[in-house]
Amino acid sequence: MDSLRTVPHEKCAVLPLPLALTARLLPVAVLACTGWVMSSGTSTTTPAATDHKSPQTTQSPSGPAATAVAKTYTAAPAPCTGVTEKTIKALVPGAKTAGQEIPSTDKSVRRTCSWNALKGFDYHWLDVSYEIKDSDEAAQKSYTGRVADKSGGGAVPGLGDSAYSVVNLTTTDKQQTREGVVIVRASNALVVVTYNGSNFETKKAPSTDEINKGAIKAAKDVVATLENGQKG
């Protein structure tokens, strides 16, 4: 078993559980990335008149004026194959291992898959998401912003270029739901894993350690799939 850190703190909030669970079923809205094509015109040089000099453009014929940044990852992989069947069975007992991909407006940019199941009184939900950015810098900027929005967690060593996990607890009418989120940057790609659980008989949620370890385990599968099969 991997030695996994435990998130030292978690935030608690009071949210209506039915609303929270219903929100998990909403489609994921995806913003398509728009590219800009730079074009340059060809200048025409005319003979210069006496005492008149035309501006000259100097450009090396051997290379373009601007060099495009090479992207490590050019497309998001199929998300429902990003997590092993063994992991799915362990984290979401009773779920169909095939998962369900969430519709996306541009699959080359973002792809998400979900698994959820109620077995007995235990309910679990797992989401995994790949997001491809235009550059490492763009991915890092997005990663930094997301981490700032989810305070209270900590770094996950040895996962991607940088990784962060946090666990939160919500309680309504004495029913607890605990959710873990892991965010990973790997070159110009982001991986986001969300894993939660509840028990509708005891009204208790799984422990922070269980949810945190489960989310990190799934994140390791997803990053491995990205690194092993999607390099350009």
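Calculation notes
Residues numbered from 1 in each chain as written. Predicted model: local features only at pLDDT ≥ 70, side-chain atom pairs only at ≥ 80, totals over all residues. Heavy atoms only, no water. Helix = DSSP H or I, 4+ residues; strand = E, 2+ residues; numbered from the N terminus. Expected span 1.5 Å × (residues − 1). Contact = heavy atoms within 4.5 Å. Disulfide = S-S within 2.5 Å. Buried < 20%, exposed > 50% of the residue type's maximum accessible area, 1.4 Å probe, protein only. Phe/Tyr/Trp six-rings, centres within 6.5 Å; stacked < 30°, edge-to-face > 60°.

A. Region of the structure containing helix α3 (residues 136-149). The end-to-end C-alpha distance of α3 is 20 Å, a good match for the 20 Å that 14 residues give at a rise of 1.5 Å each. Structurally, α3 contributes buried residues whose contacts are with β6 (162-172), β7 (175-186) and β8 (189-199).

B. Quick peek at the state of the cysteines. Using the criterion set out here, one finds one disulfide in the structure. Two residues share a disulfide in this structure: C80 and C113, whose sulfurs sit 2.0 Å from each other. Between C80 and C113, the disulfide has an S-S torsion of 100° and is therefore right-handed. Pair noted here: C80 is in the loop between α1 (17-24) and α2 (85-91) and C113 is in strand β3 (residues 110-119), with a separation of 33 residues, a long-range link. For the pair shown, C80 and C113 are each scored as buried.

C. Layout of the packing of aromatic side chains. Under the criterion given, the structure shown has two aromatic pairs. Seen from their ring centres, Y123 and F200 are 6.2 Å apart, and the 35° between their planes marks the pair as tilted. You can see Y123 sitting in strand β4 (residues 122-132) and its partner F200 sitting in the loop between β8 and α4 (208-229), a full 77 residues away along the chain. Residue classification places Y123 among the buried positions, given a relative accessible area of 12%. Taken together through their ring pairs, the aromatic side chains of Y123, W125 and F200 make up a single cluster.

Nothing here speaks to function; it is geometry throughout.
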